[in-house]
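# Fold and geometry: a report
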Amino acid sequence: MKTSVILFKNKSIPVHQYASSAMLPLLSAKLSELEYDFEFRRKLKMILSIELLSQVAIFQYRDGTKMYLEVSA
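So, here's what we can say about the structure.

Parameters and conventions
Residues numbered from 1 in each chain as written. Predicted model: local features only at pLDDT ≥ 70, side-chain atom pairs only at ≥ 80, totals over all residues. Heavy atoms only, no water. Buried < 20%, exposed > 50% of the residue type's maximum accessible area, 1.4 Å probe, protein only. Helix = DSSP H or I, 4+ residues; strand = E, 2+ residues; numbered from the N terminus. Arc of directions from axis to C-beta. Contact = heavy atoms within 4.5 Å. Pairing = 2+ DSSP bridges. Axes fitted to C-alpha atoms, helices over the stretch in contact; angles between N-to-C directions. Polar contact = N/O pair within 3.5 Å; in protein donor to acceptor, adjacent residues only side chain to side chain.

### Focus: helix 1 (residues 23-33)
Residues of helix 1 that are buried: Met 23, Leu 24, Leu 27 and Leu 31. In an axial view of helix 1, the angular spread of the buried residues amounts to 100°, which keeps them on one side of the axis. Seen from the buried face of helix 1, the exposed residues on the opposite side, beyond 90 degrees, are Pro 25 and Glu 33. Residues of helix 1 that are buried in the fold lie against strand 1 (2-8), strand 2 (11-17), helix 2 (38-44), strand 3 (47-52) and strand 4 (56-61).

### So, the sheet that holds strand 3
With mixed pairing, the five strands of this open sheet are ordered in space as 1-2-3-4-5. Looking at strand neighbours, the two that pair on one side only are strand 1 and strand 5 (66-70), the edges of this open sheet. Strand-to-strand twist in this sheet, taken as the mean axis angle between neighbours without regard to direction, amounts to 25°. When strand 2 meets strand 3, the two strands line up parallel, connected through three bridges. Counted as the bridge partner of His 16 is Glu 51 from strand 3.

### Observations concerning the side chain of Ser 4
Structurally, the position occupied by Ser 4 is in strand 1. On the accessibility criterion, Ser 4 (17% relative accessible area) is buried. At 3.1 Å, the side chain of Ser 4 forms a polar contact with the side chain of Gln 17. When residues no more than four places from it in sequence are discounted, the contact partners of Ser 4 are Ile 13, Pro 14, Val 15, Gln 17 and Leu 24.

Listed below in structure tokens is the structure:
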């Protein structure tokens, strides 16, 4: 497991990578696509960390819930 940090809208979020490091740029690109989605940005404020698996990013929230996001090319 490798840990890195991703910056999105002046918020740094720890990313725990279980997959290859080539998936991190795909996650950044997917976050850029969702930049203007108001609902996503509202939920982003409550994210504790992100787990990056082979083609899925798992966003973990403060209340224990999770959101799954496909980040494949």
